[in-house]
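What the coordinates show
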Amino acid sequence: MERTALLRSLSCSSLACNKYYFRSSHKLSQSLISRASSSSSSSLSAARRNQLRLIPNLIRRSLHRGHTRLRAPLSSSLPFNKHFSALATRAVASPPTQPSPDVAEVSDEVAEKYGFEKVSEEFIKECKSKAVLFKHKKTGAEVMSVSNDDENKVFGIVIRTPPKDSTGIPHILEHSVLCGSRKYPLKEPFVELLKGSLNTFLNAFTYPDRTCYPVASTNTKDFYNLVDVYLDAVFFPKCVEDFQTFQQEGWHFELDNPSEEITYKGVVFNEMKGVYSQPDSVLGRTIQQALSPDNTYGVDSGGDPKVIPKLTFEEFKEFHRKYYHPSNARIWFYGDDDPKERLRILSEYLDMFEASSAPSESIVAPQKLFSEPVRVVEKYPASEGGDLKKKNMVCLNWLLSDKPLDLETELALGFLDHLLLGTPASPLRKILLESGLGDAIVGGGIEDELLQPQFSIGLKNVSEENIQKVEELIMYTMKKLAEEGFDTDAVEASMNTIEFSLRENNTGSFPRGLSLMLRSIGKWIYDMDPFEPLKYEKPLMDLKARIAEEGSKAVFSPLIEKYILNNSHRVTVEMQPDPEKASRDEAAEKEILAKVKSSMTDEDLAELARATQELRLKQETPDPPEALRSVPSLSLNDIPKEPTRVPTEVGDINGVTVLQHDLFTNDVLYTEVVLDLSPLKQELLPLLPLFCQSLLEMGTKDLSFVQLNQLIGRKTGGISVYPFTSSVQGKEDPCSHLIVRGKAMAGRADDLFNLMNCVLQEVQFTDQQRFKQFVSQSKARMENRLRGSGHGIAAARMDAKLNIAGWISEQMGGVSYLEFLQALEEKVDQDWAGISSSLEEIRRSLLSRDRCLINMTADGNNLKNAEKFVGKFLDMLPSNSPVETAKWKARLPPTNEAIVIPTQVNYVGKAANIYDTGYQLKGSAYVISKHISNTWLWDRIRVSGGAYGGFCDFDSHSGVFSFLSYRDPNLMKSLDVYDGTADFLRELEMDDDTLTKAIIGTIGDVDSYQLPDAKGYSSLLRHLLGITEEERQKRREEILSTSLKDFKEFAGAIEAVKDKGVVVAVASPDDIDAANKERSNFFEVKKAL
Ligand SMILES: [Zn+2]
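Note that the structure is predicted; figures quoted are calculated from it, not measured.

Attention now moves to the overall build of the protein. The number of helices and strands found in the protein is 40 helices and 28 strands. For the protein, the residues scored as buried account for 69% of the 1089 residues in total. Pairs at least 24 residues apart make up 83% of the contacts formed inside the protein by residues separated by at least 6 positions. Of the roughly 35500 Å² of accessible surface on the protein, 49% is carried by carbon and sulfur atoms.

Before going further, it helps to examine the nonpolar core. For soluble globular proteins, the rule of thumb is that nonpolar side chains tend to be buried together. Membership of the largest hydrophobic core comes to 92 residues, with the highest contact counts inside it found for Leu669, Phe771 and Ile854. In terms of residue count, helix α26 (residues 749–762) provides more of this core than any other element does, eight residues in total. If we ignore the near neighbours within four places in the chain, the residues touching phenylalanine 771 are Leu687, Leu690, Ser694, Met698, Leu824, Val828, Trp832, Ile835 and Leu839. One finds Ala233, Val234, Leu346 and Val943 within the second-largest nonpolar core, a separate group that totals 73 residues.

With that out of the way, let us pick up the sheet that holds strand β27 (residues 1062–1067). Note on sheets: strands pair through backbone hydrogen bonds, and any given pair is parallel or antiparallel. Pairing within the open sheet is mixed, and its six strands lie in the order β25-β26-β24-β27-β23-β28. Because the sheet does not close on itself, it has two edges, and the strands there are β25 (949–955) and β28 (1084–1087). Here the average twist between neighbouring strands, direction ignored, is 15 degrees. Here strand β24 (residues 907–913) runs beside β27; their pairing, made up of five bridges, is antiparallel.

For helix α9 (residues 267–276), the buried fraction is high: 10 of the 10 residues fall into the buried class. For α9, every residue scored as buried is listed here: Val267, Val268, Phe269, Asn270, Glu271, Met272, Lys273, Gly274, Val275 and Tyr276.

Attention now moves to the pattern of salt bridges. Within the structure shown, the criterion is met by 81 salt bridges. Salt-bridge contacts for lysine 137 lead to glutamate 112; the nearest nitrogen and oxygen are separated by 2.9 Å. Of the two residues, lysine 137 is situated in the loop between β3 (129–136) and β4 (142–147) and glutamate 112 in helix α4 (residues 108–113); the sequence distance between them amounts to 25 residues. The class of glutamate 112 is partly exposed, set by a relative accessible area of 48%. Among the charged side chains, a network of salt bridges with common partners joins Glu105, Asp108, Lys118, Glu121 and Lys130.

So, about the sheet that holds strand β14 (residues 440–447). Strands sit in the order β12-β16-β13-β15-β14 across an open sheet of five strands; the sheet is mixed. In the strand order of this sheet, the two ends are held by β12 (374–381) and β14, each with one partner. Recorded for the sheet is a direction-independent mean angle of 15 degrees between the axes of neighbouring strands. Across the sheet, helix α15 (residues 427–434) is in contact with β14 and β15 (454–462); its angle to β15 comes to roughly 20 degrees.

With that settled, the discussion passes to the packing of helix α17 (residues 488–504) against helix α25 (residues 705–715). Between α17 and α25, whose axes approach to 7 Å, the crossing angle comes to 40 degrees. Accordingly, the angle class assigned to the pair α17 and α25 is oblique. Pair α17 / α25 crosses with left-handed handedness. Across from Asp489, Ala490, Glu492, Ala493, Asn496 and Thr497 in α17, the residues of α25 making contact are Gln710, Gly713, Arg714 and Lys715.

Once that is clear, we can look at the pairing of strand β18 (residues 656–662). Most of β18 is tucked away, with five of its seven residues classed as buried. As paired elements, strand β17 (residues 649–653) and β18 share five bridges and run antiparallel to each other. Bridge pairing in β18 places isoleucine 653 opposite valine 656. Hairpin connection, β17 to β18: the antiparallel pair is bridged by two residues, and asparagine 654 has positive phi, about 45 degrees. Pairing of β18 with strand β22 (residues 852–858), which is carried by six bridges, proceeds in the parallel orientation. Directly across from glutamine 660, in β22, lies its bridge partner methionine 856.

Quick look at helix α30 (residues 815–830) now. If you check α30, its first and last C-alpha atoms are 23 Å apart, about what 16 residues at 1.5 Å a residue would give, namely 22 Å. Approximately 30 degrees is the largest bend angle found in α30, and it occurs at leucine 824. Where α30 is concerned, the buried positions are Val815, Ser816, Tyr817, Leu818, Leu821, Leu824 and Val828.

The next subject is a negative patch on the surface. There is a patch of like negative charges on the surface, built from Asp406, Glu408, Asp529 and Glu532. Within the secondary structure, aspartate 529 sits in the loop between α18 (512–524) and α19 (537–550). Classification of aspartate 529 by relative accessible area gives partly exposed; the value is 36%.

Its location among the elements puts aspartate 402 in the loop between β13 (392–399) and α14 (407–421). Aspartate 402 gets classed as partly exposed once you look at its relative accessible area, which sits at 39%.

Each aromatic ring pair is characterised by the separation of its centres together with the angle its planes make. All told, the structure shown has 41 aromatic pairs when counted by the stated rule. Ring geometry for phenylalanine 235 against phenylalanine 353: centres 5.3 Å apart, planes inclined by 55 degrees, an arrangement best described as tilted. Linking phenylalanine 235 in helix α7 (residues 220–235) with phenylalanine 353 in the loop between α12 (339–350) and α13 (358–361), this pair joins segments that are 118 residues apart in sequence. We note that phenylalanine 235, like phenylalanine 353, is buried. Among the aromatic residues, ring-to-ring pairing joins Tyr915, Tyr919, Phe954, Phe961, Phe963, Tyr978 and Phe1050 into one connected group. Stacked on the ring of tyrosine 276, the Lys or Arg arginine 285 has its end atom at 3.3 Å from the ring centre. Above the ring of tyrosine 1017, the side-chain terminus of arginine 741 is found at 4.0 Å from the ring centroid.

The next subject is the pairing of strand β16 (residues 570–578). Along a regular strand, successive side chains alternate from one face of the sheet to the other. Summarising burial for β16: seven of the nine residues are buried, a large majority. In the sheet, β12 pairs with β16 via eight bridges, with the strands oriented parallel. Bridge pairing links valine 377 to glutamate 574 in β16. Relative to β16, β13 runs antiparallel, the two being bridged by six bridges. The partner of asparagine 397 across the bridge, within β16, is valine 571.

Now for unusual backbone geometry. Its identity is not glycine, yet aspartate 667 carries a phi of approximately 70 degrees, on the positive side. Along the polypeptide, aspartate 667 turns up in the loop between β18 and β19 (668–676). Look at aspartate 667 and you get partly exposed, because its relative accessible area is 41%. A positive phi angle is found at asparagine 1081, which is not glycine, with a value near 45 degrees.

What follows is about the environment of valine 960. Within the element layout of this structure, valine 960 appears in strand β26 (residues 960–966). For valine 960 and alanine 912, which are 48 residues apart along the polypeptide, the C-alpha to C-alpha distance reads 5.5 Å. What valine 960 contacts, discounting residues up to four positions off in sequence, is Asp799, Leu802, Asn803, Ala911, Ala912, Asn913, Asp953, Phe954 and Asp955.

With that settled, the discussion passes to the packing of helix α28 (residues 790–802) against helix α29 (residues 804–811). At their nearest, the axes of α28 and α29 sit 6 Å apart, and the two run at 135 degrees to each other. Judged by the angle between their axes, α28 and α29 are oblique. The way α28 lies across α29 gives a crossing that is left-handed. Every residue of α29 that contacts α28 at Ala796, Arg797, Asp799 and Ala800 is listed here: Gly806, Trp807 and Glu810. Looking at the contact of α28 with α29, its residues break down into three nonpolar, one polar and three charged.

Further remarks concern the side chain of lysine 779. Residue position: lysine 779 is located in helix α27 (residues 768–788). Owing to a relative accessible area of 15%, lysine 779 belongs among the buried residues under this scheme. Residues contacting lysine 779, with those up to four places away along its chain left out, are Leu818, Leu821, Gln822 and Glu825.

Looking at the secondary structure, you find leucine 400 in the loop between β13 and α14. Assessed through its relative accessible area of 6%, leucine 400 is described here as buried. For the pair leucine 400 and leucine 369, spaced 31 residues apart in sequence, the C-alpha to C-alpha distance is 8.7 Å. Ignoring sequence-local partners within four residues, the contact set of leucine 400 consists of Leu413, Ile446, Pro453, Gln454, Phe455, Tyr563, Ile564 and Asn567.

Here the protein shows a mean pLDDT of 88. Residues at 70 or above account for 90%. Segment residues 22–101 is flagged for pLDDT under 50; beyond a separation of four residues in sequence, or across chains, it makes 365 contacts in the model.

Further remarks concern the side chain of serine 965. Of note, serine 965 is situated in strand β26. Excluding anything up to four places from it in sequence, serine 965 contacts His791, Asn906, Tyr907, Val908, Ile941, Gly949, Gly950 and Tyr978.

Calculation criteria
Residues numbered from 1 in each chain as written. Predicted model: local features only at pLDDT ≥ 70, side-chain atom pairs only at ≥ 80, totals over all residues. Heavy atoms only, no water. Helix = DSSP H or I, 4+ residues; strand = E, 2+ residues; numbered from the N terminus. Buried < 20%, exposed > 50% of the residue type's maximum accessible area, 1.4 Å probe, protein only. Contact = heavy atoms within 4.5 Å. Areas by Shrake-Rupley, 256 points an atom, 1.4 Å probe, with all protein chains shown as cover. Core = buried A, V, L, I, M, F, W, Y, C linked by side-chain atoms within 4.5 Å. Pairing = 2+ DSSP bridges. Axes fitted to C-alpha atoms, helices over the stretch in contact; angles between N-to-C directions. Salt bridge = Lys/Arg side-chain N within 4 Å of Asp/Glu carboxyl O. Parallel < 35°, antiparallel > 145°, perpendicular 65-115°, else oblique. Left-handed = near helix turned anticlockwise from the far one by under 90°. Expected span 1.5 Å × (residues − 1). Bend = angle between axes of the 7 residues up to and from the residue. Patch = residues over 30% accessible without salt bridge, like charges linked within 9 Å, V, L, I, M, F, W, Y side chains within 5 Å. Lys, Arg positive; Asp, Glu negative; His and termini not counted. Charge placed at Lys NZ, Arg CZ, Asp CG, Glu CD. Phe/Tyr/Trp six-rings, centres within 6.5 Å; stacked < 30°, edge-to-face > 60°. Lys NZ or Arg CZ within 6 Å of the ring centre and 35° of its normal. Nonpolar A, V, L, I, M, F, W, Y, C, P; charged D, E, K, R; others polar. pLDDT = per-residue confidence, 0-100.

Below you can see the structure in the form of structure tokens.
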């Protein structure tokens, strides 16, 4: 519930660079585990993405990417996340724990009774599931009913929604249908579910051609509640009769007073403005539209802010009527619940409809292939600082075929993609980055979630004169690889990595059933077989056999030739920085609005002001209690009284503490080596992320970094290295460690520990050129973060002003880190010897058997077997190194700060340490802060303020309570809302139902679903932070017994944020200027880009 909560309001947009739009997910992450867990998660998310990319259409990497980013924390762009061999943060490898499940069957009679016919059924051994495809006879709705013993049940309904223009109808509809329905006539049932259910997943996403509504829960009663709310929302939403919902979620004119200027407002409108301010998103959209100009992919399903205001309510209603129909729906059920009950629930809804013509109207037409390559030049909004001549992007893109590919070809292409780009050692990635022509890769390789697969690759931060060289280098490298083939070790490493990832099936915090649904729907949505994408075993074995028989060259060279070299459907996209674009767009918008205003009579203006007032009043009026009660919820009796316990044995090997978690992991061993950071000199802290990257990507005396990477790929499931920092409650000194995480099949424990030792002790810090690349890549990544995750940057900055752990994190992932990188870039040339010896010094300070801890998760036998390798590993670590701890005594000055970036929307934060006011931690704080986010801030910052998200966050370790907004059109106004929170709490009235929901929702966060490796990891973090089982039990009891009195008392603590809080905004220059004029020099201004 701490730092991770920051990301709750990240959403669609986070994915936008990838074309898909998510509704905001407010799911807090597992609580009582600090940002730490998240810091690792983020660090791994990029790596994870690489891992997932391997298997196109088998694992939906883009969505994973989006989802993981929802939770990505402050340090999300630490450089170590580049390492490919990701360890999923909180996940592990087991398919459902028992072999074939003993599930209830649905007889033909039962199917018949509910109006369905069985189309086909199969046992799918890859996911140990019985899958049955049903068809609803009356409407033709298709249902995949997947049964196994996974308690994390998943439901999803997917509608085919190809748009014809860029007004964003599918996206606005996706937001709007969750704003009240026939059975649940309140403002936002979605928010009520977030508040009061045990869901393990609740969201909605808009793709370029489909809209998905998935939910998940481990509690059966809760699960069916969620299913019913979603079904009612999709088929009977209020929004089609309610113009105000359309205005709120889509767009409307806003005018408070006839003497003021008219503005545009709307949740999706603002969300998309944010998306269109991000260069990577502009690139992604340009690529998609240029590759498929003639079909639905030639427009933006998310909505172009310039076009959104053209959308009428009539078109909006018609789109729902036409497409949101059972005949056009594909429905997915997964898990250990009764398959008969699934059909019963569905029949209640589906039987109300007759068959429609929607399926034929929603067919996605393929793009015909070009006979000649095409070039597109586009501008993106850039800041004025820096050398603009070097800020171009260039990306080569191919549409691979005129129809969907078969699974074998897709698998082989996915494999090829991994060989080309999957790891830092992969030739295409390596050659591009080493060329010095640009400093980060753009275009993510194979993209195969849409009808026709595509391949994209390019570089960013390229100078004008090098654009052509990048294009030539890509073509030359592809040609050379087609001629010469790939290294045998590289092929073996890719094969092992792909197989490991498929068998481990580690979906992190993403429900496994949802991952399978997205995989299946990728074909099913185009009327192909929904079973086929789930069955990877045979095509994988066939591919392996072919490679063994014919050699990898015979397999991959023809693919490169056919799909890349001889493919005339190639689009080169060139993106040029335009420092005036943002202000020009702004001016154009103002001009339109001025015209609108001048065309209005005084009566019109008065009417508009009245309508604005009316909408706001409606938004701010709470739902009546009877409407709120319509949303089904659990009672406190349904909630376990005790927290989930992770088996943990604390032992000792060669004098070193070893934690062991005996959990079923399907023969995978997960381990963490934890090294104490406290001896490290303060000035070396910012170098730590690059130190981590160097360990994995610099090579040893005997092994080049390519060889080391391949070895890790061949022998293990991956190794990653990252820093972990958190405050500890009641202590001045932070908890600060370096964590080396690794996983392998248990039979390869020896290899795993040897490789971890090699990474820690044998890597040489001698490669100046590679280090220089790390620096420029990290810099590019930080710049990206500043634009895309400004709230994370603001939060880190506030934390750095309030506590030491926050200061450390900001040194390694905030604006300070970006400044450090900017200076370091020059220093690499001037004083490489100095940097290299600093890296050595970091290693010397950290490597010590006396200040080390080991964590392992696997089943009992495998743990026992691994012990001797742990002993060997520990014997090799130096002991008796100096034990003095460095004293880090730094914080940023507690001034209000505004960080200027070129943007049209802001990120606004305010925070204070409430422990300083004498507040003592109680479990109720979690319930209260969640409630503030879901009610007060949601209504004021998002619904009426028009921001994409607004929320608060309480870090129980440090005591920092922060408010944050995301893609916010306002600045000072949001601060006023934050300041009103104490009064909101004092005046709060709450019935028992509402309170119970708030408590249950909080428990849902605390008990978030975890795969076994995540359980072992959480337990490690609790150990490091000194959180005992007694304390967990106490907090849980406090959560369960939270009363209205606690809310009122908390107002005092919140008052401190108002009075003493520090403000950090990442915002546009105009808004900062205006704010500083309004409240004389409120902000100290800092330019970061
Ligand atoms: Zn959205």
